[in-house]
Amino acid sequence: MPKTSSMGRGIQAVMAVGARHAAGLAGGSVADIAAGLDRDRSQVSRYLRSASQEGFLARAEARSYRLDWSLLTDAQLLTARRLESDGATALDTLAAATDEACFLGILQGSGTVTIGESVPPGSNLVGSWLGRPYPAYCSDAGQAVLWEATAGEVRTVFADVDFIRHGPNTPTGIDDFLARRDAARLRGYSVVDEEAEPGLYSLAVPVRDFRGEVAAALQIVGIKARLEPRRDACAAALLEQGRWLEARLGYSATT
């Protein structure tokens, strides 16, 4: 097997510190990390010192090392910028492929907010949804942005929400929403059929970031009579662009 490079061994040392955080520990000393990696303490000390100088690690008390969380903050800021720039590319590509209005939405409290859109003239939809909130229990993005949430987390999000009817098929309560969300997870994408308003139909997929967490939802929204007969083809295009955008945000299925 090929030998691990010096850079690779340095990354392993940083990952070892991260693994200790994941296990609920505050960090680790040179001795802790060296023992965990089964490596020479002097070598591990050099790797950890270099990582600290580069801003990946911070020195803690008792000569131990911990992750420098400013690195995560920087990564999150980069993700937000990527979501805006690469999200626009995904939206335009999807809109061109389907000739339907396409949106990018995020969870905000118990509602969803549109942060990106691409609306071709042939979609027959007018007006902009940018910055406008809508109840997550019946919005086009709702099921997708809560894709990975546990039932308990969903109940917390909707704890003080009245499920007001906005369309003929609006969910009647949290259990109804969860059943639809779970069916969507099995399908691979959500179908919101006249839940937000009469005659409106949409498909959506979650978009995960480098942490493996859902950062947004990518949606196709249109008139039911026009979009429903083309559901399979539009869903395939949606899934393709969703995977592309996830890759741009650093997500890997092994994350």
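Residues numbered from 1 in each chain as written. Predicted model: local features only at pLDDT ≥ 70, side-chain atom pairs only at ≥ 80, totals over all residues. Heavy atoms only, no water.

S.K.: Quick question: what am I supposed to make of the pairing of strand 4 (residues 101-108) here?
M.R.: Successive residues of a regular strand alternate their side chains across the two faces of the sheet. As paired elements, strand 4 and strand 9 (residues 214-223) share five bridges and run antiparallel to each other. Pairing of Gly105 across the sheet is with Ala217, part of strand 9. In this sheet, strand 5 (residues 111-118) lies alongside strand 4 in antiparallel orientation, the contact comprising seven bridges. Across the sheet, the residue bridging to Cys102 is Ser118, located in strand 5. The turn linking strand 4 back onto strand 5 is made up of two residues, and Gly109 within it adopts a positive phi angle of 65°. (Pairing = 2+ DSSP bridges. Helix = DSSP H or I, 4+ residues; strand = E, 2+ residues; numbered from the N terminus.)

S.K.: Would you mind going over the environment of Arg59 with me for this structure?
M.R.: Mapped onto the secondary structure, Arg59 falls in strand 2 (residues 57-59). Once the C-alpha coordinates of Arg59 and Gly28 are considered, the two residues, 31 residues apart in sequence, prove to be 9.8 Å apart. For Arg59, the side chain forms a polar contact with the side chain of Tyr65, separated by 3.4 Å. (Polar contact = N/O pair within 3.5 Å; in protein donor to acceptor, adjacent residues only side chain to side chain.)

S.K.: Where do I start with the nonpolar core in this structure?
M.R.: Generally speaking, soluble globular proteins have nonpolar side chains that are buried together. Leu94, Leu104, Leu203, Leu218, Ile220 and Leu238 are the most contacted members of the largest nonpolar core, which totals 23 residues. Broken down by secondary-structure element, the contributors of at least two residues to this core are helix 4 (70-98), strand 4, strand 8 (200-208), strand 9 and helix 9 (231-248). Formed by 18 residues, the second largest nonpolar core is a distinct cluster that contains Val145, Ala149, Ala184 and Ala217. (Core = buried A, V, L, I, M, F, W, Y, C linked by side-chain atoms within 4.5 Å. Buried < 20%, exposed > 50% of the residue type's maximum accessible area, 1.4 Å probe, protein only.)

S.K.: Can you walk me through the sheet that holds strand 3 (residues 64-67) in this structure?
M.R.: Strand pairs in the sheet, formed through backbone hydrogen bonds, run parallel or antiparallel to each other. Ordered in space as 1-3-2, the three strands form an open sheet in which the pairing is antiparallel. The open sheet has two free edges, formed respectively by strand 1 (28-29) and strand 2, since each of these has just one partner strand. The pairing of strand 2 with strand 3 spans three bridges and is antiparallel. When the bridges of strand 3 are listed, Ala58 appears paired with Arg66. Across the face of the sheet, helix 3 (residues 41-53) comes into contact with strand 2 and strand 3 while running at roughly 100° to strand 2. (Contact = heavy atoms within 4.5 Å. Axes fitted to C-alpha atoms, helices over the stretch in contact; angles between N-to-C directions.)

S.K.: When you look at the sheet that holds strand 5 in this model, what are you seeing that I'm missing?
M.R.: What the six strands build is an open sheet, ordered 6-5-4-9-8-7; its pairing is antiparallel. Among the strands making up the open sheet, the edge pair consists of strand 6 (133-135) and strand 7 (190-193). Between one strand axis and the next, the sheet turns through 35° on average, direction left out of account. On top of the sheet, helix 9 reaches strand 4, strand 7, strand 8 and strand 9; it is set at about 25° to strand 8, its chief contact.

S.K.: Any chance you could explain the pattern of salt bridges here in plain terms?
M.R.: When their charged atoms lie close together, side chains carrying opposite charge are able to pair. Applying the stated rule across the entire model yields 14 salt bridges. In this structure, Asp99 and Arg226 form a salt bridge, with 3.1 Å as the shortest nitrogen-oxygen distance. With Asp99 in the loop between helix 4 and strand 4 and Arg226 in helix 8 (residues 224-227), this residue pair connects regions lying 127 residues apart in the sequence. According to the relative accessible area criterion, Asp99 is partly exposed, its value standing at 35%. By relative accessible area, which is 26% here, Arg226 ends up partly exposed. Taking the shortest distance from any N to any O, the salt bridge between Asp176 and Arg180 comes out at 3.0 Å. Of this pair, Asp176 and Arg180 are both found in helix 7 (residues 174-187), four residues apart, which corresponds to roughly one turn of the helix. Given a relative accessible area of 24%, Arg180 falls into the partly exposed group. Within this structure, Asp99, Glu100, Arg226 and Arg230 form a network of salt bridges that share partners. (Salt bridge = Lys/Arg side-chain N within 4 Å of Asp/Glu carboxyl O.)

S.K.: Quick question: what am I supposed to make of a nonpolar patch on the surface here?
M.R.: A surface patch of nonpolar side chains, amounting to about 370 Å² of accessible area, comprises Met7, Ile11 and Met15. Among the structural elements, Met7 can be located in helix 1 (residues 6-22). (Patch = residues over 30% accessible without salt bridge, like charges linked within 9 Å, V, L, I, M, F, W, Y side chains within 5 Å. Areas by Shrake-Rupley, 256 points an atom, 1.4 Å probe, with all protein chains shown as cover.)

S.K.: Help me understand the packing of helix 2 (residues 30-37) against helix 3 in this model?
M.R.: Each pair of packed helices gets described by two things: the angle between the helix axes and the distance between those axes. Running from N to C, helix 2 and helix 3 cross one another at 115°; their axes reach a closest spacing of 9 Å. Classified by the angle their axes make, helix 2 and helix 3 are roughly perpendicular. You can see that helix 2 and helix 3 cross each other, and the crossing is right-handed. The segment helix 2 lies against helix 3, with Val30, Ala31, Ile33 and Ala34 engaging Arg41, Val44, Ser45 and Leu48. (Parallel < 35°, antiparallel > 145°, perpendicular 65-115°, else oblique. Left-handed = near helix turned anticlockwise from the far one by under 90°.)

S.K.: Sorry, what's going on with a positive patch on the surface here?
M.R.: Side chains of Arg46, Arg49, Arg59 and Arg63 sit close together on the surface and give a patch of like positive charge. Looking at where Arg49 falls in the secondary structure, it is placed in helix 3. (Lys, Arg positive; Asp, Glu negative; His and termini not counted. Charge placed at Lys NZ, Arg CZ, Asp CG, Glu CD.)

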